[in-house]
Amino acid sequence: MSVAIEQLATEFERHRGHLTGVAYRITGTLADAEDAVQEAWLRLSRLDAEQVDQLRDLRAWLTTVVSRIGLDRLRSAAVRRERYVGPWLPEPIVTTPEDDDPLAQVVRDDGVRMAAMVVLERLSPEQRVAFVLHDAFAVPFAEIADILGCSEPAARQYASRGRRAVAESDPPPRASMAQQEEVLAALTSAVLSGDLDSVVRLLHPQVVVLGDSDGKERTTRRPMVGADKVARFFLGLLRGYGPQVLTDAEPVLVNGDIGLYVPAGPNPGDRWSVAARVGVLAIRDGKVAAFYDVVNPEKLTRIRRPG
């Protein structure tokens, strides 16, 4: 590697966390995000010295490249997601407080919490790209229009519609880490006790559970709404899997929020076999407003186990 390429690679690494965050918010898939960032580097490394010198803002150029690749991935994924069995959740980014890498940088932003990412799935590809780039990363509409291949007024309209859809969905804001830990500990204790009323008291009246399995593992295949229904669902899982599904769970950060990694386990007696999964809560007014259960094994291949 020449000195010039080494310097370019060093400069590129300074932007890797930012680029990964852009691509992940656009695609909702860590694999696609990492591929987009790698492709951006390959395109940059193929430029000659004069072309590199002509780049007035390397970060902006890379953001545009990553966004175009992400948009292509998002459009091509639309058909695949129509065939998906059950809800489709973003691929979880699992980290620990000790991590210090681009992914740890990505999850510090409230916009990548699972509750916010789920809302982005309801937008069209054009709305999602325009909203994410403008509202989250302050990319000018002229550049967004160039990425989308539309006029600047159309780009503004896409962002406006995306913004309105997000506001109407009103995803729960990120609770403090102390409150997250308190609620998760209380919910775990209540479920292990088997007391239905204790579980219900910790749930928001309109709590929702979304399970992502693509039909490959056991979870709810339809959104489940309501405190009583969700509490019975949690207790049913405890009866089916046994208490080890919670006692063996390992605390992790899931998209920057407190969550649990449940390792795969054997079938004890007549209980169900435990599939590896990642779960994370969203909290509103001190109660669980949403629970996201990612059990599709294809979305857990990049999980770094705690410790």
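Before going into details, it helps to say that this report is about the structure given with it.

1. Some thoughts on the layout of surface pockets
For the largest pocket, the calculated volume is near 330 Å³. T29, R80, W88, E298 and K299 are, among the 16 residues lining the largest pocket, the residues nearest its centre. Elements with a minimum of two residues in the lining of the largest pocket: α3 (30-45) and α5 (58-82). With 3 residues, the top contributor of residues to the lining of the largest pocket is α5. Residues of the lining of the largest pocket, tallied by class, amount to 4 nonpolar, 3 polar and 9 charged.

2. Looking at the packing of aromatic side chains
The final tally for this structure, using the stated rule, is 3 aromatic pairs. A ring pair is formed by F234 and F291, whose centres lie 5.4 Å apart and whose planes are at 85 degrees; its orientation type is edge-to-face. Taken as a pair, F234 in helix α13 (residues 227-241) and F291 in strand β7 (residues 287-294) lie far apart in primary sequence, 57 residues in all. Grouping residues by exposure puts F234 and F291 together as buried. Taken together, F233, F234 and F291 form an aromatic cluster joined through their ring pairs.

3. Overview of the pairing of β7
The buried fraction of β7 is high, at 7 of 8 residues. Where strand β2 (residues 203-212) lies against β7, 6 bridges are found, and the strand directions are parallel. Paired with D212 across the two strands is V294, which belongs to β7. Pairing of strand β6 (residues 277-284) with β7 involves 7 bridges; the strand directions are antiparallel. Pairing of G279 across the sheet is with D293, part of β7. Two successive antiparallel strands, β6 and β7, enclose a turn made up of 2 residues, where D285 displays a positive phi of approximately 55 degrees.

4. Things to note about the environment of L47
Among the structural elements, L47 can be located in the loop between α3 and α4 (49-53). The exposure class of L47 is partly exposed, given its relative accessible area of 22%. In contact with L47, other than residues within four places in its own chain, are V52, L55 and W61.

5. Details of helix α10 (residues 152-169)
Here α10 is 18 residues long and its end C-alpha atoms lie 26 Å apart, about the 26 Å a rise of 1.5 Å per residue gives. Looking only at α10, the buried set comprises A155, A159, G162 and V166. An end-on view of α10 places all buried positions within 65 degrees of arc, on one side of the element. When the buried face of α10 is taken as reference, the exposed residues oriented beyond 90 degrees from it are P153, A167 and E168. Where the residues of α10 are buried, they touch α7 (114-120), α8 (125-137) and α9 (141-148). By the N-cap criterion, in which a side-chain oxygen at the helix start approaches the backbone nitrogen of a residue two or three places on, α10 is capped by S151, the distance to A154 being 3.2 Å.

6. Considering empty space enclosed by the protein
Under the defined criterion, the tally for this structure stands at 3 cavities of 30 Å³ or more. Roughly 390 Å³ of internal volume is contained in the largest cavity. Lining the largest cavity are 22 residues, with F234, L237, L246, L260 and F291 sitting closest to its centre. When contributions to the lining of the largest cavity are tallied by element, the ones reaching two or more residues are α11 (177-193), α13, α14 (244-247), β5 (257-262), β6 and β7. The volume enclosed by the second largest cavity comes to roughly 50 Å³. If you trace the second largest cavity, you find it lined by R113, A115, P172, P173, R174, A175, Q180, D257, L281, A282 and I283. Among the elements that line the lining of the second largest cavity, the one with the most residues is β6, at 3 residues.

7. Let's talk about unusual backbone geometry
Phi at A138 takes a positive value of approximately 55 degrees, unusual for a residue other than glycine. The residue A138 is located in the loop between α8 and α9 in this model. Note on A138: relative accessible area 61%, which makes it exposed. With phi around 55 degrees, D285 is a residue other than glycine that occupies positive phi space. Tracing the backbone through its elements, the reader meets D285 in the loop between β6 and β7.

Rules and cut-offs
Residues numbered from 1 in each chain as written. Predicted model: local features only at pLDDT ≥ 70, side-chain atom pairs only at ≥ 80, totals over all residues. Heavy atoms only, no water. 1 Å grid on protein atoms, 1.4 Å probe; cavity = no way out; pocket = protein on both sides within 12 Å on 5 of 7 lines; lining within 4 Å. Points joined across faces, edges and corners; volume = space filled by probe spheres on them. Helix = DSSP H or I, 4+ residues; strand = E, 2+ residues; numbered from the N terminus. Nonpolar A, V, L, I, M, F, W, Y, C, P; charged D, E, K, R; others polar. Phe/Tyr/Trp six-rings, centres within 6.5 Å; stacked < 30°, edge-to-face > 60°. Buried < 20%, exposed > 50% of the residue type's maximum accessible area, 1.4 Å probe, protein only. Pairing = 2+ DSSP bridges. Contact = heavy atoms within 4.5 Å. Expected span 1.5 Å × (residues − 1). Arc of directions from axis to C-beta. Polar contact = N/O pair within 3.5 Å; in protein donor to acceptor, adjacent residues only side chain to side chain.

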